[in-house]
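Each chain, letter by letter, is given below.
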Amino acid sequence: MRNFVLIGLISTLLVACGTSVPLNDVPVVDATSTAVTADPGALRSGVQGGGVTPVDLGRTSDQAPAPTESRLVYFDYDSFVVKPEFQSVIAAHARFLRAQPTRKVAIEGHADERGGREYNLALGQKRAEAVRNALSLLGVSSNQMEAVSFGKEKPVVTGSDEAAFAKNRRAEIRYP
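### Digging into the sheet that holds strand 1 (residues 72-74)
Link 1 in the chain: If you walk across this open sheet you meet the four strands as 1-4-2-3, and the pairing is mixed. Edge strands, defined here as strands with exactly one partner in the open sheet, are strand 1 and strand 3 (145-151). Strand-to-strand twist of the sheet, defined as the mean angle between neighbouring strand axes without regard to direction, takes the value 20°.
Link 2 in the chain: Here four bridges tie strand 2 (residues 105-110) to strand 4 (residues 170-174), and the two strands are oriented antiparallel to one another. Bridging across to strand 4, Glu108 finds its partner in Glu172.
Link 3 in the chain: Each of strand 1, strand 2, strand 3 and strand 4 touches helix 4 (residues 117-137); the most contacted strand, strand 3, lies at about 155° to it.

Set out below in structure tokens:
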């Protein structure tokens, strides 16, 4: 009888610690269909086609400023699909990171306050991974990127209305 109680307690503990939130298969939607090349020869020769812009190779990575465009990618409720209106933000950061191969970037995923802690951490991770995968598709080395989740722990706006929720459903691109 004692063994059955022990097995029951262990089973309950394992079930309570599990999650039903899948953390793989992060979709990245490429709505631009713009061919992007990471050919170093094209960068050196200054070819301005296929989404590649000329790079000033005389500057070191410490001197080059990060993109001045937004560093925020917002998401719909309970979603981790990168919306088409944020493709230009991701493309600007991809160009910068490809031109500066020694620079590192942290992509921080966030969620609004709705949902449990574990669920929001998983959703924030999926959002960070979606942006990371989009950058990777545009030629950024995986060694340059780190995706982390803060879930609902770091809201940018406090409040319990849809406007506050929408600002907190985001991924932030941060340069150390």
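### Some points on the pattern of salt bridges
Side chains that differ in sign of charge can pair as their charged atoms come close.
Link 1 in the chain: Applying the stated rule across the entire model yields 10 salt bridges.
Link 2 in the chain: A salt bridge links Arg174 to Glu108, with the nearest nitrogen and oxygen atoms 3.0 Å apart. Of this pair, Arg174 sits in strand 4 while Glu108 sits in strand 2, placing them 66 residues apart in sequence.
Link 3 in the chain: Assessed through its relative accessible area of 42%, Arg174 is described here as partly exposed.
Link 4 in the chain: Overall, Glu108 belongs to the buried group, its relative accessible area being 12%.
Link 5 in the chain: One salt bridge connects Arg114 with Asp112, and the closest N-O pair in it is separated by 2.8 Å.

### Points about the pairing of strand 4
Link 1 in the chain: The buried fraction of strand 4 is high, at four of five residues.
Link 2 in the chain: In terms of strand pairing, strand 1 meets strand 4 through three bridges, oriented antiparallel. Counterpart to Leu72 in the pairing with strand 4 is Glu172.

### Some words on the side chain of Gln144
Link 1 in the chain: Its location among the elements puts Gln144 in the loop between helix 4 and strand 3.
Link 2 in the chain: Residue contacts for Gln144: discarding those within four places in its chain leaves Leu97, Gln100, Pro101, Arg103, Lys104 and Val105.

### Quick look at helix 4
Think of an α-helix as 3.6 residues a turn; residues three or four steps apart then line up on the same face.
Link 1 in the chain: Here helix 4 contains 21 residues, and its C-alpha end-to-end distance of 30 Å stays within 8% of the 30 Å for a straight helix at 1.5 Å per residue.
Link 2 in the chain: Each element contacted by the buried residues of helix 4 is listed here: strand 1, helix 3 (87-99), strand 2, strand 3 and strand 4.
Link 3 in the chain: One or two positions beyond helix 4, positive phi appears at Gly139, with a value near 100°.

### Observations regarding the packing of aromatic side chains
Link 1 in the chain: Per the counting criterion, the structure on display carries two aromatic pairs.
Link 2 in the chain: Looking at Lys154, its charged tip hangs above the ring of Phe150, at a distance of 4.2 Å from the centre.

### Notes on the nonpolar core
Link 1 in the chain: The biggest cluster of nonpolar side chains holds 24 residues, and the ones touching the most others in it are Val73, Val82, Ile90, Ile107, Val131 and Leu135.
Link 2 in the chain: Mapped by element, the contributors of at least two residues to this core are strand 1, helix 3, strand 2, helix 4, strand 3 and strand 4.
Link 3 in the chain: Val73 has contacts with Val82, Phe86, Val89, Ile90, Val131, Arg169, Arg170 and Ala171, leaving out every residue within four places of it along the chain.

### So, the confidence of the model for the protein
Link 1 in the chain: Residues at a pLDDT of 70 or more form 66% of the protein, whose mean pLDDT is 79.
Link 2 in the chain: Under a pLDDT of 50 for its full length, residues 29-49 has, in the predicted model, 22 contacts with residues more than four places off or in other chains.
Link 3 in the chain: Below pLDDT 50 for its whole length, residues 55-63 participates in nine contacts with residues either more than four positions away or in separate chains.

Analysis parameters
- Residues numbered from 1 in each chain as written.
- Predicted model: local features only at pLDDT ≥ 70, side-chain atom pairs only at ≥ 80, totals over all residues.
- Heavy atoms only, no water.
- Pairing = 2+ DSSP bridges.
- Helix = DSSP H or I, 4+ residues; strand = E, 2+ residues; numbered from the N terminus.
- Axes fitted to C-alpha atoms, helices over the stretch in contact; angles between N-to-C directions.
- Contact = heavy atoms within 4.5 Å.
- Salt bridge = Lys/Arg side-chain N within 4 Å of Asp/Glu carboxyl O.
- Buried < 20%, exposed > 50% of the residue type's maximum accessible area, 1.4 Å probe, protein only.
- Expected span 1.5 Å × (residues − 1).
- Phe/Tyr/Trp six-rings, centres within 6.5 Å; stacked < 30°, edge-to-face > 60°.
- Lys NZ or Arg CZ within 6 Å of the ring centre and 35° of its normal.
- Core = buried A, V, L, I, M, F, W, Y, C linked by side-chain atoms within 4.5 Å.
- pLDDT = per-residue confidence, 0-100.

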